[in-house]
Amino acid sequence: MDELIKISVIDRHDHQHDYEVPDDIGISLMELCKANDLPVLATCGGMALCATCHVFIESDHDFGAMGEDEELMLDQVPNFRKNSRLACQIQINSDWEGLVVRLAEE
Ligand code: FES
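Definitions and cut-offs
- Residues numbered from 1 in each chain as written.
- Predicted model: local features only at pLDDT ≥ 70, side-chain atom pairs only at ≥ 80, totals over all residues.
- Heavy atoms only, no water.
- Phe/Tyr/Trp six-rings, centres within 6.5 Å; stacked < 30°, edge-to-face > 60°.
- Lys NZ or Arg CZ within 6 Å of the ring centre and 35° of its normal.
- Salt bridge = Lys/Arg side-chain N within 4 Å of Asp/Glu carboxyl O.
- Helix = DSSP H or I, 4+ residues; strand = E, 2+ residues; numbered from the N terminus.
- Buried < 20%, exposed > 50% of the residue type's maximum accessible area, 1.4 Å probe, protein only.
- Pairing = 2+ DSSP bridges.
- Contact = heavy atoms within 4.5 Å.
- Polar contact = N/O pair within 3.5 Å; in protein donor to acceptor, adjacent residues only side chain to side chain.

**Concerning the packing of aromatic side chains**
Consideration 1: For the coordinates displayed, the defined rule picks out zero aromatic pairs.
Consideration 2: The ring of F56 has R81 lying over it, and the distance from NZ or CZ to the ring centre is 3.7 Å.

See the structure below:
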């Protein structure tokens, strides 16, 4: 049986949305946000080319090394922080159990 993992997304009005998703769901955090009608434009469709899926990781996760594309894109966002990530580059799996992210300002 699939294990459920908890993921929380805080929107730009400070509302927290809690989700429980199967660990083998095979989608990115960006896709989870879009499926739940959160205001994530994702205009590049998840190619790490638009940064409209920029999030800040608020939980204490080791987010590992970024891919080169993600790093290059985040380099260009004005509100970059140490905990910035692109939601389209985060594949949901059990490593992210308890993840809390905040949507970056547009
Ligand atoms: S959807 Fe465009 S960078 Fe993530």
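**Digging into the pattern of salt bridges**
Consideration 1: Using the criterion set out here, one finds five salt bridges in the structure.
Consideration 2: Among the ionic pairs, D14 bridges to R102, the shortest N-O distance being 2.6 Å. Of this pair, D14 sits in the loop between β1 (4-10) and β2 (16-22) while R102 sits in strand β5 (residues 99-103), and the two are 88 residues apart along the sequence.
Consideration 3: Overall, the relative accessible area of 24% leaves R102 in the partly exposed class.
Consideration 4: By sharing partners, the salt bridges in this structure join D14, E58 and R102 into a single network.

**Here's the deal with the pairing of β5**
Consideration 1: Burial of β5 is extensive: four of the five residues sit out of reach of the surface.
Consideration 2: Relative to β5, β1 runs parallel, the two sharing four bridges. Counterpart to I10 in the pairing with β5 is R102.
Consideration 3: Two elements, strand β3 (residues 54-57) and β5, share three bridges in a ladder whose sense is antiparallel.

**Things to note about the environment of D18**
Consideration 1: Summarising the element assignment, D18 is placed in strand β2.
Consideration 2: Since its relative accessible area comes to 55%, D18 is described here as exposed.
Consideration 3: Residues D18 and T43 lie 25 residues apart in sequence; the distance between their C-alpha atoms is 24 Å.
Consideration 4: Residues contacting D18, with those up to four places away along its chain left out, are I7 and S8.
Consideration 5: Only 2.6 Å separates the side chain of D18 from the side chain of S8, close enough to count as a polar contact.
Consideration 6: A polar atom in the side chain of D18 sits 2.9 Å from the side chain of Q16.

**Let's talk about the side chain of H54**
Consideration 1: Structurally, H54 can be placed in strand β3.
Consideration 2: Given a relative accessible area of 3%, H54 falls into the buried group.
Consideration 3: Here S84 takes part through its side chain, which lies 2.8 Å from a polar atom of the side chain of H54.
Consideration 4: Once you skip the residues sitting within four places of it in the chain, H54 turns out to touch L74, V77, N79, F80, S84, R85, L86, L103 and A104.

**A look at the pairing of β2**
Consideration 1: Of the strand pairs in this sheet, β1 and β2 are connected by seven bridges, and their pairing is antiparallel. Within the sheet, the bridge partner assigned to I10 lies in β2 and is Q16.
Consideration 2: Counted between consecutive antiparallel strands, the loop separating β1 from β2 contains five residues, among which D14 sits at a positive phi close to 70 degrees.

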